[in-house]
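Examining the three-dimensional arrangement
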Amino acid sequence: MASVDQTMSDGHHGPARGITRWLYTTNHKDIGTLYLLFSLLMFFIGGCMALTIRAELFQPGLQMVMPEFFNQMTTMHGLIMVFGAVMPAFVGLANWMIPIMVGAPDMALPRMNNWSFWILPFAFTMMLSTLLMEGGGPNFGWTFYAPLSTTYAPPSVTFFIFAVHMMGISSIMGAINVIATILNMRAPGMKLMQMPLFVWTWLITAFLLIAVMPVLAGVVTMMLMDIHFGTSFFDAAGGGDPVLFQHVFWFFGHPEVYIMILPAFGVVSEIIPTFARKRLFGYASMVYATASIAFLSFIVWAHHMFTVGMPLAGELFFMFTTMLIAVPTGVKVFNWIATMFRGSMTFETPMLFALAFVVLFTIGGFSGLMLSIAPADFQYHDTYFVVAHFHYVLVPGSVFSIMAAAYYWLPKWTGHMYNESMGKLHFWLSFIGVNITFFPMHFLGLAGMPRRIPDYALQFADFNMVATVGAFIFGFSQLLFVYNVVCCIRSGKQATDEVWEGSRGLEWQLSSPPPYHSYSTPPTAEQLSKASH
Amino acid sequence: MQQSPSNHRPLLLRLTLLTVLMFGFGFLLVPLYDVFCQITGLNGKVLNTGPVTEVGVDTERRIRVQFIAVNNEAMPWQFAPVERELTVYPGEMKHTAYRVTNPSVRFMVGQAVPSVAPSEAAEYLHKVNCFCFENQPLQAGETKDMPLLFTVDAALPEHISTITLSYTLFDITPKAQPAATRLPKDSRRML
Ligand SMILES: [Cu+2]
């Protein structure tokens, strides 16, 4: 607590007042907060789009929206959730926690940090504004396959391309900052293999970002040139090939899905030991498993393209490498279970979300394994089974881990406890809602319902109705989370420094909330050993 | 502070370089993809063009070569093979043609893009001369026979007895014409 008083008395170190605090801030906590609030806003905007989609699919036939608008909703929902909600949320967590966890005073490059956040609101304003333009917004699916996104795209596609460029620049700058912080700013004496797993997973994620976001920027640049400058990268008439688009896109796309899940692994690896009151089982194997997953992610991309007409050797290669990913992922799941084995577990909200993550992410992993079987994929391709699969890994996967992280660190961030029973209610409504929404989609897909359609055959009606009910339960229960956070900031009861009984890690040795500049003097060897995993 | 900002420079430089390299790599995938398809003969892309040395005709085998014509959606030309199917001996030079008519009232330029099925056969189908090598200008109402001279390699694997050669005809008038006569931008949306 002493450090809080210190910073309060020293005007230079305290935050500025008013809006300029947030506009000009270079403080990692302020920027972390901005990222998290931004992603929450995007989560609700993307969520409204999801509910529009589900409302239309409540019954067969066209009731709510026109097919053209439906296509814009599926596209924008995907783009907003991936680039606006999940990725910025993890960057926000990284900003808040990584400097504290490695015992640094701030991120390595604070000014760049400010820039990488403030690009985002402009990028997404531009992207959302396309919905109001003549011809509508992007309607080609979040994977924007050429020629849908080039020859047949609405005129607003150029704005979409620039928005993607801006998000890419933001992510790359954020990733560079994370790497510089972790490699250069660690407390003296903290070895790489002593870092918390959240830091490790983010280090690897940052390298993935630097490796593939430029490829994404490249592929949208090729689109831009095809549309406006007469090149023919993806135009067969000029010697190009639309299949090339899919290869380049998925070379980015598959590592991208690990960008959205590796930090989640890190979060869960922090939370489960705390509430099991045991050290994480198999720390080193967790690090190596994460690194192997990251490596494998570069050589599996064509499993999204089994049906484009690859040769048998290609199908087999991508099928087996994809299946191989299940091995390091399995190592992780077993490690989490082993951590809990004979632990004295309690089930506070963060732990509930983390446990649901382990169970439901594994279900998503299994459906992924089914999809990796090339001959079976010819049946599943572009059906609701795929939708069920990636929503299982992204919603009760990534999103649940973000919720878990928010509840876990919220007392640290705000200095106040949140309302535990409201948190548990939020968890159970989310858990039930998610499963009601996405589990029936497996059956719909296996029965042959295609994805991205506003209307469907009558035999799919019942499961769609169930899924829509679940979606509304899930969607509206997120308001509880917002209410809980607001109450926590305003009037929660004072949190202790440790917050949780079984907590380790450098962040719990700081006051709650931590001082504006956390470790202006590096943590001592004693603090480090107390925090070590 | 453990680190002053200047100490980050070497790392920053390396990471920025990596970013730039990966941006370049994205573009490098384009030629890599073409080279890969060329070597493996995937995608049915026929890249064996130009003169071939005749190695003698293998009269023991007969290969069916089928011809298909497809119009890309906005292309109004009538486009069809003169002969739907030919039976050839491996190594034998064959001549055939595709007939096109431009029924529209304006000058147009077409471009045919070939594809071979099965893709395994692509590297054994040599096109000595093909209308797909060049773009095809056609006046309004004009009809033309576009020549195709080809041979099937005697090394064609035993199990292949039928090869399908498909051409997709694209309208490339806007690209082939000077900028002044280009179609208005909005026409793209009407396709
Ligand atoms: Cu993938």
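Residues numbered from 1 in each chain as written. Chains lettered and ligands numbered in written order. Predicted model: local features only at pLDDT ≥ 70, side-chain atom pairs only at ≥ 80, totals over all residues. Heavy atoms only, no water.

**Side note on the coordination of the copper ion**
Residues and elements named next belong to chain A. The copper ion binds to the protein through H254 (ND1), H303 (NE2) and H304 (NE2); the donor distances cover 1.7 to 1.9 Å. Taken in chain order, the donor set of the copper ion reads H-x48-H-H. Taken together, the residues span a long stretch of sequence, with H254 in helix α8 (residues 242-259) and H304 in the loop between α10 (283-296) and α11 (312-324) at a distance of 50 residues. Accessibility expressed as a relative area gives 5% for H254, which makes it buried. (Donors = N, O, S within 2.8 Å, 3.2 Å for Na, K, Ca; no water. Helix = DSSP H or I, 4+ residues; strand = E, 2+ residues; numbered from the N terminus. Buried < 20%, exposed > 50% of the residue type's maximum accessible area, 1.4 Å probe, protein only.)

**Some words on the interface of chain B and chain A**
Counting residues at the interface gives 32 residues for chain B, matched by 51 residues for chain A. Applying the counting criterion to the chain B and chain A interface returns zero salt bridges. Summed over the shared surface of chain B and chain A, the number is two residue pairs in polar contact (both at pLDDT 80 or more). Elements represented by at least two residues in the side of chain B that touches chain A include exactly α1 (9-40), β5 (108-117) and α3 (187-190) of chain B. With 14 residues, α1 of chain B is the single largest residue contributor to the side of chain B that touches chain A. Its residues placed into classes, the side of chain B that touches chain A shows 17 nonpolar, nine polar and six charged. (Contact = heavy atoms within 4.5 Å. Salt bridge = Lys/Arg side-chain N within 4 Å of Asp/Glu carboxyl O. Polar contact = N/O pair within 3.5 Å; in protein donor to acceptor, adjacent residues only side chain to side chain. Nonpolar A, V, L, I, M, F, W, Y, C, P; charged D, E, K, R; others polar.)

**Some remarks on the confidence of the model for chain B**
Averaged over every residue, the pLDDT of chain B is 79; residues scoring 70 or more account for 80%. Within chain B, α3 of chain B has the poorest average pLDDT of any element, 35, and strand β2 (residues 78-81) of chain B the best, 89. (pLDDT = per-residue confidence, 0-100.)

**Describing the sheet that holds strand β6 (residues 125-130) of chain B**
Residue and element names in this part refer to chain B. The strand order β2-β4-β8-β6 describes an open sheet built from four strands, whose pairing is antiparallel. Among the strands making up the open sheet, the edge pair consists of β2 and β6. Strand-to-strand, the axes of this sheet are offset by a mean angle of 25°, without reference to chain direction. With four bridges joining them, β2 and strand β4 (residues 93-101) adopt antiparallel strand pairing. For Q78, the partnering residue across the bridge sits in β4 and is T101. (Pairing = 2+ DSSP bridges. Axes fitted to C-alpha atoms, helices over the stretch in contact; angles between N-to-C directions.)

**Looking at the pattern of salt bridges**
All chains considered together, the criterion is met by six salt bridges over all chains. For the salt bridge of R451 of chain A with D382 of chain A, the shortest nitrogen-to-oxygen distance reads 3.8 Å. Here the residue R451 of chain A occupies a position in the loop between α16 (420-446) and α17 (461-491), and D382 of chain A occupies one in the loop between α14 (374-380) and α15 (384-414), the gap between them amounting to 69 residues. Assessed through its relative accessible area of 15%, R451 of chain A is described here as buried. Residue R99 of chain B is joined to D145 of chain B by a salt bridge in which the shortest nitrogen-to-oxygen separation is 2.7 Å. Of this pair, R99 of chain B sits in strand β4 while D145 of chain B sits in strand β8 (residues 143-152), and the two are 46 residues apart along the sequence. Given the relative accessible area of 42%, D145 of chain B is considered partly exposed.

**Observations regarding the state of the cysteines**
For the structure on display, the rule yields one disulfide over all chains. Here C130 of chain B engages in a disulfide with C132 of chain B; their sulfurs sit 2.4 Å apart. Note on the C130 of chain B and C132 of chain B pair: the S-S dihedral is about 130°, so by sign convention the disulfide is right-handed. Here C130 of chain B falls in the buried class, since its relative accessible area comes to 3%. With no disulfide of its own, C487 of chain A lies closest to C488 of chain A among cysteine sulfurs, the gap being 8.7 Å. With a relative accessible area of 22%, C487 of chain A lands in the partly exposed category. (Disulfide = S-S within 2.5 Å.)

**Points about the environment of P411 of chain A**
Residue and element names in this part refer to chain A. Positionally, P411 belongs in helix α15. Residue class for P411 comes out buried when judged on its relative accessible area of 0%. Measuring from C-alpha to C-alpha, the distance between P411 and D377 comes to 45 Å, with 34 residues separating the pair along the chain. Not counting chain neighbours up to four residues away, the residues in contact with P411 comprise H416, M417, Y418, A495, V499, W500 and S512.

**Some words on α11 of chain A**
Residue and element names in this part refer to chain A. Here α11 is 13 residues long and its end C-alpha atoms lie 18 Å apart, about the 18 Å a rise of 1.5 Å per residue gives. When we look at burial in α11, the residues that qualify are G314, E315, F318, M319, T321 and T322. Those residues of α11 that are buried are in contact with α12 (326-340), α13 (349-372) and α14. (Expected span 1.5 Å × (residues − 1).)

**Focus on the side chain of T143 of chain A**
Along the polypeptide, T143 of chain A turns up in the loop between α5 (110-129) and α6 (157-184). Sequence-distant contacts of T143 of chain A, defined by excluding residues within four places in its chain, comprise F245, F249, W250 and R452 of chain A.

**A closer look at unusual backbone geometry**
Residue and element names in this part refer to chain A. Residue P147 is reached from A146 by a cis peptide bond, and omega for that bond is 5°. Checked against the element boundaries, P147 lands in the loop between α5 and α6. The amide bond that connects S512 to the next residue, P513, takes the cis arrangement and shows omega of -5°. Within the element layout of this structure, P513 appears in the loop between α17 and α18 (525-531). Unlike most non-glycine residues, R277 shows phi in positive territory, near 55°. Positionally, R277 belongs in the loop between α9 (262-276) and α10. Look at R277 and you get partly exposed, because its relative accessible area is 26%. Here the phi dihedral of R342 falls at roughly 60°; this positive angle occurs in a residue that is not glycine. Its location among the elements puts R342 in the loop between α12 and α13.

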